[in-house]
Amino acid sequence: MTTPGGALLVVGDVITDIVARHRGPLAPGTDTSAAIRTLPGGAGANVACWAAHWGRAEVRLLGRVGADTAKWHERELTACGVRPRLVVDPEAPTGTVISLVDTDAAAERTFLTQSGASLRLDADDWSDALLDGVARLHLSGYLLFSAPSRALVAVALKSARARGVPVSLDPASEGFLVELGVDRFLDLVSGVDVLLPSRGEACLLTGLPDPGDAAAELSRRVPLVVVKQGAHGALVARAGTVCARVPAVPATPRDTTGAGDAFTGAFLAALLTGAVPEDAAAEACRAGARAVQRVGGRPPVLA
């Protein structure tokens, strides 16, 4: 448990989301009617915004964006109560994700991703001073999918360990995990205190079909594992055992974009207030239910 007081530092991706909500299968070779919106997003940025919204704790964000949208993203993050430190990339534009949401299929989404500046965050963008006043560090798993940002993860983990700051990580993407390789991923996250995979990611990382078995197996490597299962709630595992099965909060989904980020942000915010992981997971399920009823990956802007 974390002693209350102290900030959360999130390091991760800041992305421009183009969300296209359509009904039924896409029509190849012709038009498919859709409601299209451009919204701020990115797994790391979304986690930070939900943490600030849910816990009203001090939340900081380190990310990298292009000059094209840097000011807009900074305004949007600040409006959510986050203190952003955005490195402006001199060459690459801000990353963009096209999110295709089928409103006839439980609002499930498909992502088309151009990482842009987000995965050009590197070790030179890190400073040990970023941890001043920080009680928890959270790393977006997307950082593991490029060489520059993997180097940043290594120095951030080393710095956090030296200061005794616990570190959490969300694996982020089954598709990118397959490309990276499971063994390589598990080596890279050695030293992480909390792992927050989705059900599919947990099963992929262990090769086990049952999410409970997968959670238990992962908790032999990482002290605390919380598996996000969407409509099936969450699993909390420690020391090779599932110690809690947390039920989901019923919700009618409009858009599942960012639901896992909402879960993670609320979970970390609850830990910062001194909650035990089981209670934090219950808070996180409430946040996830609220998130799927909104379009986009962010919470409502703070008043």
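To start, this report covers the structure provided alongside it. What you see is a predicted model; the values in this text were computed from it and never measured. (Residues numbered from 1 in each chain as written. Predicted model: local features only at pLDDT ≥ 70, side-chain atom pairs only at ≥ 80, totals over all residues. Heavy atoms only, no water.)

**Things to note about the side chain of Ser168**
Structurally, the position occupied by Ser168 is in strand 9 (residues 167-170). Judged by its relative accessible area of 1%, Ser168 is buried. Here the side chain of Ser168 touches His138 through a polar contact of 2.8 Å, side chain to side chain. Excluding residues within four positions of it along the chain, Ser168 makes contact with Leu137, His138, Leu139, Val192, Val194, Leu196 and Leu268. (Helix = DSSP H or I, 4+ residues; strand = E, 2+ residues; numbered from the N terminus. Buried < 20%, exposed > 50% of the residue type's maximum accessible area, 1.4 Å probe, protein only. Polar contact = N/O pair within 3.5 Å; in protein donor to acceptor, adjacent residues only side chain to side chain. Contact = heavy atoms within 4.5 Å.)

**Description of helix 7 (residues 211-218)**
Working note: α-helix, 3.6 residues per turn, so residues spaced by three or four point in the same direction. Burial analysis of helix 7 places six of its eight residues in the buried class, which makes it a mostly covered element. For helix 7, the secondary structure elements touched by its buried residues are helix 5 (182-188), strand 10 (194-195), helix 6 (199-206), strand 11 (224-228), strand 12 (234-238) and strand 13 (241-246). Where helix 7 starts, the residue carrying a side-chain oxygen 2.9 Å from the main-chain nitrogen of Gly212 turns out to be Asp210.

**Side note on the pairing of strand 13**
Bridge analysis of strand 12 against strand 13 gives five bridges, and the strand direction is antiparallel. Residue Ala237 lies in a different strand from strand 13, and its bridge partner there is Val242. Connecting strand 12 to the next strand, strand 13, in antiparallel fashion are two residues, including Ala239 with a positive phi near 50 degrees. (Pairing = 2+ DSSP bridges.)

**Thoughts on helix 1 (residues 43-55)**
Taking 1.5 Å of rise per residue, 13 residues should cover 18 Å, and helix 1 covers 18 Å from first to last C-alpha, within 8% of that figure. Burial runs high along helix 1: 12 of the 13 residues are buried. Considered for burial, the residues of helix 1 that qualify are Ala43, Gly44, Ala45, Asn46, Val47, Ala48, Cys49, Trp50, Ala51, Ala52, His53 and Trp54. Once helix 1 finishes, Arg56 follows within two positions and takes phi at roughly 55 degrees, a positive value. (Expected span 1.5 Å × (residues − 1).)

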